[in-house]
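# An overview of the molecular structure
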Amino acid sequence: MIKALSSIGAIAFLISGAHAGELPSIPVTAKNATMEEFKILADGKPVKVEIYDFDKPVTADLVWNWKQASITGKANVDGKVIDVKTKLTFKGDKACSTAKGEKPTCHAIYIDGNRFYEVRDDMKAHAVSTVG
């Protein structure tokens, strides 16, 4: 479960509890963002996240903080609320989160208005987040 929570960063939100296999499409209006564009959108702001590609519903209320290089908040994992604190790093134009003792999980970021999508290498949405 720690590995699952390391991916919550970028993450994102719709708070409806989807299940594996129900990955949303990236809207054609979403733009592949640079990390500077992502920082302007999300840095230090509350973000509601829904993660789609785990075997249990995962939603979260998080804050991405560039200065502290962290993603923190609370996650609801299949009805159980847990604390989230992961390391925030970047690999090119991908945002990465790393739970203690785990390898980084990195995703491209696509922005559409006040929403951002964490996108896997196969172009499927790992998570959808709403800022504000």
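Notes on the structure follow.

Scoring rules and cut-offs
- Residues numbered from 1 in each chain as written.
- Predicted model: local features only at pLDDT ≥ 70, side-chain atom pairs only at ≥ 80, totals over all residues.
- Heavy atoms only, no water.
- Helix = DSSP H or I, 4+ residues; strand = E, 2+ residues; numbered from the N terminus.
- Buried < 20%, exposed > 50% of the residue type's maximum accessible area, 1.4 Å probe, protein only.
- Areas by Shrake-Rupley, 256 points an atom, 1.4 Å probe, with all protein chains shown as cover.
- Pairing = 2+ DSSP bridges.
- Phe/Tyr/Trp six-rings, centres within 6.5 Å; stacked < 30°, edge-to-face > 60°.
- Disulfide = S-S within 2.5 Å.
- Arc of directions from axis to C-beta.
- Contact = heavy atoms within 4.5 Å.

## Description of the overall build of the protein
- Assigned secondary structure in the protein consists of two helices and nine strands.
- Its helices and strands in sequence order give the protein the pattern α-β-α-β-β-β-β-β-β-β-β, from N to C terminus.
- For the protein, with 132 residues in total, the buried portion stands at 47%.
- In the form shown here, the protein has an accessible surface area of approximately 6,800 Å², with 53% of it arising from carbon and sulfur atoms.

## Examining the pairing of strand β6 (residues 94-98)
- Of all five residues in β6, four are buried; the element is thus mostly enclosed.
- Summarising the sheet, strand β5 (residues 80-91) and β6 pair through five bridges and their orientation is antiparallel. From the neighbouring strand, K87 faces β6, where its bridge partner is T98.
- Alignment of β6 against strand β7 (residues 105-112), held across four bridges, turns out to be antiparallel.

## A look at the packing of aromatic side chains
- All told, the structure shown has six aromatic pairs when counted by the stated rule.
- Pairing F38 with F116 gives two aromatic rings, centres 4.7 Å apart and planes at 70 degrees, and the pair type is edge-to-face. Taken as a pair, F38 in helix α2 (residues 35-42) and F116 in strand β8 (residues 115-119) lie far apart in primary sequence, 78 residues in all. Each member of the pair F38 and F116 is classed as buried.
- Feature note: the residues F38, W64, W66, F90 and F116 constitute an aromatic cluster, connected by ring pairs.

## Overview of the state of the cysteines
- Tallied over the full model, the rule gives one disulfide.
- Through a disulfide, C96 is tied to C106; the S-S separation comes to 2.0 Å. Across the S-S bond of C96 and C106 the torsion is about 105 degrees, and the bridge reads as right-handed. Of the two residues, C96 sits in strand β6 while C106 sits in strand β7, which places them 10 residues apart along the sequence.
- You can call C96 buried: its relative accessible area is 3%.

## Some thoughts on α2
- Buried residues of α2: M35, F38, L41 and A42, and no others. For α2, the buried positions fall inside an angular range of 120 degrees around the axis, keeping them on one side. Across α2 from its buried face, at more than 90 degrees, point the exposed residues E36 and I40.
- Residues of α2 that are buried in the fold lie against β3 (58-65), β5, β6, β7, β8 and β9 (125-131).
- Looking one or two residues beyond α2, the residue adopting positive phi is G44, at roughly 75 degrees.

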